[in-house]
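Here is how the chains run, residue by residue.
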Amino acid sequence: AAVRRLTDPVPDVGSVTGHVVDVDDADRPLVTLDDGRELRPDWVFDARGPAAATAGEDAALDFLGVRVRAEAPLFDPHVPVLFDFRTDQVERASFLYVLPSDAHHALVEHTCFVAPGIPAVAPEIHLAALRVYLTQVLGVPENAYEFGRSEHARLPLVAQIAERGEGRILRIGAAAGMMKASSG
């Protein structure tokens, strides 16, 4: 919604929803969507991820973030916690983020480094690590908090430099190799 508020008043700027299956640079870029639609924009900012520009991942960050609500004031809304490695390191290197919105609410995320070819980390493993962190590291009794909405994803990490694109197609983000291996 925020992007639309800024772009709607600008002539020649539009928004199309769909899944991109191909980007081709001709006299003018051609973008093909999975429903068969073809778009001919003046410029393409290709952010489809490393798979669009490379042969695969060298590793990945697999994460589950959960909205946590605590009965008692638990979080300092002015102090985010980044890269807290006080979590089990036996199966894989992992860390946590705590991003508070107020003293009772925070996004708490468990992130693991995963070797190439290894399947996604099951959400139950992430949730168990989050529970251990909240109870053993932060000292919160199990019945004093609840989990809300969550997000689970895998961010591919690549070591090789991606091609930047040609003509009017510019790769950005992960497609351009602009992911930091330590944090995504």
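Everything discussed here concerns the structure shown above.
Residues numbered from 1 in each chain as written. Predicted model: local features only at pLDDT ≥ 70, side-chain atom pairs only at ≥ 80, totals over all residues. Heavy atoms only, no water.

It is worth spelling out the environment of D22 at this point. Position of D22 among the secondary structure elements: in strand 1 (residues 20-24). Considered as a pair, D22 and T32 are 10 residues apart in the sequence and their alpha carbons are 5.2 Å apart. Contacts of D22, omitting those with residues within four sequence positions, involve L30, V31, T32 and R48. (Helix = DSSP H or I, 4+ residues; strand = E, 2+ residues; numbered from the N terminus. Contact = heavy atoms within 4.5 Å.)

The subject of this paragraph is the sheet that holds strand 5 (residues 59-70). Taking strand neighbours across the sheet as the criterion, the five strands line up as 6-7-8-5-9 in an open arrangement whose pairing is antiparallel. The sheet is open, and its two edges are formed by strand 6 (81-84) and strand 9 (145-157), each paired on a single side. Sheet twist, expressed as the average angle between the axes of neighbouring strands with direction ignored, equals 15 degrees. Sheet topology places strand 5 next to strand 9; 11 bridges connect them, and they run antiparallel. Within strand 9, the residue paired with D62 across the bridge is R154. (Pairing = 2+ DSSP bridges. Axes fitted to C-alpha atoms, helices over the stretch in contact; angles between N-to-C directions.)

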